[in-house]
Amino acid sequence: MLLLFYICFIAVNSERKLINIHIVGRHGDRTPLKSFPNDPYKHVWKEEGGLGVLTERGKTRMLKSGEELNSYYAEISTNLFNISNSFITSSNTNRTVESAKLFVSRMYKIQTLKDVHVHLVNPDALRAFDKQNCPEFYRITKAIQRISYFEKQLNPFRKLQQYIQIITGDRSDDDLNSLSFLADYLFVVKEFHLPLPQYFTSNIFENLKNLHNIFMELFTFTDVQNKFLSGYVLHSIKNLFQKSANEENLENGNNVVLYMTHDFVLKSLLKYIGISINGNTEYGELLIFELSTDVDTKEWYVGVKYKSGNSRIIRDVLFCGAQSQCALSQFLENISGKTINLSKFKEMCLGIK
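Computed from a predicted structure; not experimentally measured.

(A) The arrangement of the pairing of strand β2 (residues 86-90) in detail. The element β2 is extensively covered by neighbouring structure, given that four of its five residues are classed as buried. Where β2 and strand β4 (residues 256-261) come together, five bridges link them in parallel fashion. Each bridged residue has a counterpart across the sheet, and for T89 the counterpart in β4 is Y259. Where β2 and strand β3 (residues 119-120) come together, two bridges link them in parallel fashion. Each residue of the ladder has a partner; that of T89, found in β3, is H119. Between the parallel elements β2 and β3, the chain passes through helix α3 (residues 94-107) in a crossover that is right-handed.

Structure, rendered in structure tokens:
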């Protein structure tokens, strides 16, 4: 079910030594990102700690996922997991930072979360959605929204928007994207095993889910948008792998890099590098980039693995001519021009060439 984005040929019988892994993960389960004046469950979100925060289920998911990753790689490399040779990063939100700490605590079997230091990625991809600070992404996305392909899909939701504004009491925003956040709200309500508010019929729920999916496609429709959303991640992977391949003493660098982020970053990254995985991005989903070296030829190879948020199975992503690994040089060639250094992010947001 995975699309191929380049072709290369590698020997499969020689021994490979795993050197680095770069993990890109989505945070655990959370409360809704947005409420509304007539929300009957405001007290529930308040008891959970507010909007957009990690839930107990989310905390448990991240702990379990860290344990599963430790078990998987313990069978492959006994020296890989050393916290002193790791770099833990996160988007600048409480839910991603907490998810990273919980995940790493079990991945490295650390007893207290205070011992896990998380570096914040700033600015991160969330800034792209701030039209004041990143007007270029907003301009591009608005232009794409007006093309006939999306206009035909979005126009039927205009009347629904008027009805939703009445029943929710929220008239603060006329942007259809704001309406799509209600799909997220209803997803969370169902995860809490709460009945849907009576004015949200099953038909409205299905319509809002469709709208949410349309906007996920719209935000990741072009390479330019995906450079905003996941170009930094590719830049980080490229730097890690190039440094290791050029380093004479491999003990000096980071063995593991983790970036804990959001669903749209993972969705963008998968699309950007030409990998298709069915369904929506799940809480706790992981995409793992591996760098290994052939012990005989000293050649370098990149592999990609995927772990769904609802499964302990870590599986190979088939790319590179229907194989699970590809030469590092070919991988770097294929992501050339798709990376962005964070120091240039502000300029890109302002449309400065």
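That covers the picture; the talk isn't over yet.
(B) The packing of aromatic side chains, seen in detail. Taken as a whole and judged by the stated rule, the model has 20 aromatic pairs. With a centroid separation of 4.9 Å and an interplanar angle of 75°, the aromatic rings of F129 and F264 are classed as edge-to-face. Linking F129 in the loop between β3 and α4 (135-145) with F264 in helix α10 (residues 263-272), this pair joins segments that are 135 residues apart in sequence. Residue classification places F129 among the partly exposed residues on the basis of a relative accessible area of 32%.

(C) Broad picture of a nonpolar patch on the surface. Together, I147, Y149 and F221 give the surface a local cluster of nonpolar side chains, amounting to about 250 Å² of exposed area. Checked against the element boundaries, F221 lands in the loop between α8 (202-219) and α9 (223-246).

(D) Summary view of the environment of L80. Note that L80 resides in the loop between α2 (56-74) and β2. Look past the residues within four positions of L80 in its chain and what remains in contact with it is L18, I19, I21, Y73, N255 and V256.

(E) Here's a closer look at the state of the cysteines. Throughout the structure, instances matching the rule amount to one disulfide. Bridging C134 to C349, the disulfide has an S-S length of 2.1 Å. Across the S-S bond of C134 and C349 the torsion is about -80°, and the bridge reads as left-handed. With C134 in the loop between β3 and α4 and C349 in helix α12 (residues 345-349), this residue pair connects regions lying 215 residues apart in the sequence. For the pair C134 and C349, one class covers both residues: buried.

Rules behind the numbers
- Residues numbered from 1 in each chain as written.
- Predicted model: local features only at pLDDT ≥ 70, side-chain atom pairs only at ≥ 80, totals over all residues.
- Heavy atoms only, no water.
- Buried < 20%, exposed > 50% of the residue type's maximum accessible area, 1.4 Å probe, protein only.
- Helix = DSSP H or I, 4+ residues; strand = E, 2+ residues; numbered from the N terminus.
- Pairing = 2+ DSSP bridges.
- Right-handed = clockwise from strand over helix to strand, strands pointing away.
- Phe/Tyr/Trp six-rings, centres within 6.5 Å; stacked < 30°, edge-to-face > 60°.
- Patch = residues over 30% accessible without salt bridge, like charges linked within 9 Å, V, L, I, M, F, W, Y side chains within 5 Å.
- Areas by Shrake-Rupley, 256 points an atom, 1.4 Å probe, with all protein chains shown as cover.
- Salt bridge = Lys/Arg side-chain N within 4 Å of Asp/Glu carboxyl O.
- Contact = heavy atoms within 4.5 Å.
- Disulfide = S-S within 2.5 Å.

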